[in-house]
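Below, each chain spelled out in residue letters.
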Amino acid sequence: MAKAKSSFICQVCGAVYTRWQGRCDSCGDWNTIAEELTDSGVGAGPKSVSGTGRAVPLVPLAGETESAARIETGIAELDRVLGGGFVMGSAILVGGDPGIGKSTLLLQAAAALAERGRSVVYVSGEEAVGQIRLRAQRLGLGDRNVALASETNAENILATLAAGSPPHLVIIDSIQTLWTDRVESAPGTVTQVRTSAQALTRYAKKSGAAVVLVGHVTKDGQIAGPRVVEHMVDAVLYFEGDTSHTFRILRGVKNRFGATDEIGVFEMTSLGLKEVANPSALFLDQRDKGASGSAVFAGMEGTRPVLVEIQALVSPSPLGTPRRAVVGWDSSRLSMVLAVLESRCGVRIGANDIYLNVAGGLKVGEPAADLAVAAALISSLTNAPLPPDAVYFGEISLAGGVRPVVHASLRLREAQKLGFSSAITGRLGTGDKAGGIVVSEFSELADLVGRIAANGRKAPTVD
Ligand code: TYD
Ligand code: MG
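Residues numbered from 1 in each chain as written. Chains lettered and ligands numbered in written order. Predicted model: local features only at pLDDT ≥ 70, side-chain atom pairs only at ≥ 80, totals over all residues. Heavy atoms only, no water.

Enquirer: For the overall build of the protein, give the residues involved together with the corresponding values.
Expert: Per the secondary structure count, the protein includes 10 helices and 23 strands. For the protein, the spread of C-alpha atoms along the principal axes amounts to about 80 × 55 × 50 Å. Classification of the 463 residues of the protein by burial places 49% in the buried group. In the protein, 67% of the contacts between residues at least 6 apart in sequence involve partners at least 24 apart. Taking the average place of the 45 positive charges on the side chains of the protein and the average place of its 46 negative ones, the gap between the two points comes to 1 Å. (Helix = DSSP H or I, 4+ residues; strand = E, 2+ residues; numbered from the N terminus. Buried < 20%, exposed > 50% of the residue type's maximum accessible area, 1.4 Å probe, protein only. Contact = heavy atoms within 4.5 Å. Lys, Arg positive; Asp, Glu negative; His and termini not counted. Charge placed at Lys NZ, Arg CZ, Asp CG, Glu CD.)

What follows is the structure, given as structure tokens:
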């Protein structure tokens, strides 16, 4: 008998190696590579290539199309991230840390769709039917018409779904618990997860049902991460937040049927997830207006303006290599802003410990936050509180200039709506409207630094 062939597969990113190694070269994670039998299924490759393939018809690019049929849940924050509701026949991955609220969100979505007369099947591999019922009762959704099952075998799930007419929505919670007879690897490994997810994605395309796959993102890499199925689904949504805060953000990172970068904001309450229609008000709720080191950034998340507080603490460092800690922003971007402050504006800041925090647990990815970060840093360094009614936005260039950013009018309008009266930014474009906001335009970062430091209670260390 031929010896069973095995490969070493990274359980986080799916990279394949011929021998074991401690660190995955592809994703850089440690201890994530496990041996898997790859005699069959994915990883084995085609057994033989025969010359008897079937020719498929080739069609022109121009032609009739139907717009994708969608089903709306009525949960506006969810529908927006999906691009207007679940697309029939599509597969959607909802990823996130364990305990963040994925099951709660999807149970609420299932109940909302059932209320609108859609047929929904919820298959849980993690909880027993009784547990799901209890949760539904606690959420006040116990009487909704949702079909439940507790099952982990992909073939059994597919057979169950094939037994009736296809439902509108199928929720599989979670892909990590699925296993299939078709491959020999242990349950929970990349090969199992990928093969099961492939079978369910195929079911979505064939039956026209929308299939939601829930996936846990784990740092330790013990369970196959959902990253390996990202490429085979039509949409990937991440549910983020930290468990010490009550609000959660649903973020689209891939969507074949809509825009990405949209976010939906929810608050976790004792009655489940509540939609937050005005996230800026929530993020600014606890702001300490008179403190130095705090700047309000007028940001954009997808098509929506979101105001958020950026907090900086600059304190003299006893260490040879000062500490840098960043939460909610890119740390290399912070290094860049610090370097520009040092070399272009003459601010001696590099020898300090620097802590930067985006309040409330939001993750900011926009370069437009540069200016708010710089303002917060200078404010903390010189102990100069910034005006509490001002917002900041603008990208900083390596030359020390402040570049204009897109959607200035939207940012300004949101700031005005929330009671802010001034904005500090780069030059506005010709089409940008200030509305009722007093806009101070700075094209050089050094000018802004000088203005903030002038109000400082501590002399700035400027050359
Ligand atoms: P859950 O949806 O089970 O998370 P996931 O499926 O992502 O692992 O959510 C679990 C957390 O949510 C749990 O810590 C308790 C909290 N929670 C509430 O605060 N209120 C509620 O109404 C529910 C159902 C859960
Ligand atoms: Mg869960």
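Enquirer: An account of the packing of aromatic side chains is requested, with residue identities and associated values reported.
Expert: Ring pairs (aromatic) are described by centroid distance and by the angle formed between their planes. What the rule picks out here adds up to two aromatic pairs. Aromatic pair phenylalanine 239 and phenylalanine 266: ring centres 6.0 Å apart, planes at 75°, arrangement edge-to-face. Here phenylalanine 239, found in strand β11 (residues 235-240), pairs with phenylalanine 266, found in strand β13 (residues 263-269); they are 27 residues apart in sequence, far enough to count as distant. Each of the two residues, phenylalanine 239 as well as phenylalanine 266, counts as buried. Aromatic pair phenylalanine 247 and phenylalanine 283: ring centres 4.8 Å apart, planes at 75°, arrangement edge-to-face. You can see phenylalanine 247 sitting in strand β12 (residues 247-255) and its partner phenylalanine 283 sitting in helix α6 (residues 279-283), a full 36 residues away along the chain. One exposure class covers both phenylalanine 247 and phenylalanine 283, and it is buried. (Phe/Tyr/Trp six-rings, centres within 6.5 Å; stacked < 30°, edge-to-face > 60°.)

Enquirer: How would you explain the pattern of salt bridges if you had to name every residue and give the values?
Expert: Here the structure, examined in full by the defined rule, presents 15 salt bridges. Residues arginine 182 and glutamate 155 are paired through a salt bridge, measuring 3.3 Å at the closest nitrogen-oxygen approach. Note that arginine 182 is positioned in the loop between β9 (169-173) and α5 (190-207) and glutamate 155 in helix α4 (residues 154-163), a separation of 27 residues in sequence. What makes arginine 182 partly exposed here is its relative accessible area of 45%. Put simply, glutamate 395 and arginine 403 hold a salt bridge, and the shortest N to O gap is 3.4 Å. (Salt bridge = Lys/Arg side-chain N within 4 Å of Asp/Glu carboxyl O.)

Enquirer: Could you give an account of the nonpolar core, naming the residues involved and the relevant values?
Expert: Counting 64 residues, the largest nonpolar core has Phe297, Trp329, Val337, Leu341, Ile349, Leu377 and Leu445 as the members making the most contacts within it. It is helix α8 (residues 370-381) that contributes the most residues to this core, nine residues altogether. Taken together, domain 2 (70-277) and domain 3 (282-454) each give at least three residues to this core, which thus spans both. Among all residues touching leucine 445, those that are not within four sequence positions of it are Val340, Leu341, Cys345, Leu371, Ala374, Ile396, Gly400 and Val402. (Core = buried A, V, L, I, M, F, W, Y, C linked by side-chain atoms within 4.5 Å. Domains from an automatic or database assignment.)

Enquirer: Break down the layout of surface pockets for me, citing the residues and quoting the values.
Expert: Looking at the second largest pocket, its volume works out to about 270 Å³. Taken together, 18 residues form the lining of the second largest pocket, with Arg251, Met300, Glu301, Gly365 and Glu366 sitting closest to its centre. Of all elements in the fold, only β15 (294-301) and β16 (304-316) reach the threshold of two or more residues within the lining of the second largest pocket. No other element matches β15, which puts four residues into the lining of the second largest pocket. A per-class count over the lining of the second largest pocket returns seven nonpolar, four polar and seven charged. Taken domain by domain, the makeup of the lining of the second largest pocket includes at least three residues from each of domain 2 (70-277) and domain 3 (282-454). (1 Å grid on protein atoms, 1.4 Å probe; cavity = no way out; pocket = protein on both sides within 12 Å on 5 of 7 lines; lining within 4 Å. Points joined across faces, edges and corners; volume = space filled by probe spheres on them. Nonpolar A, V, L, I, M, F, W, Y, C, P; charged D, E, K, R; others polar.)

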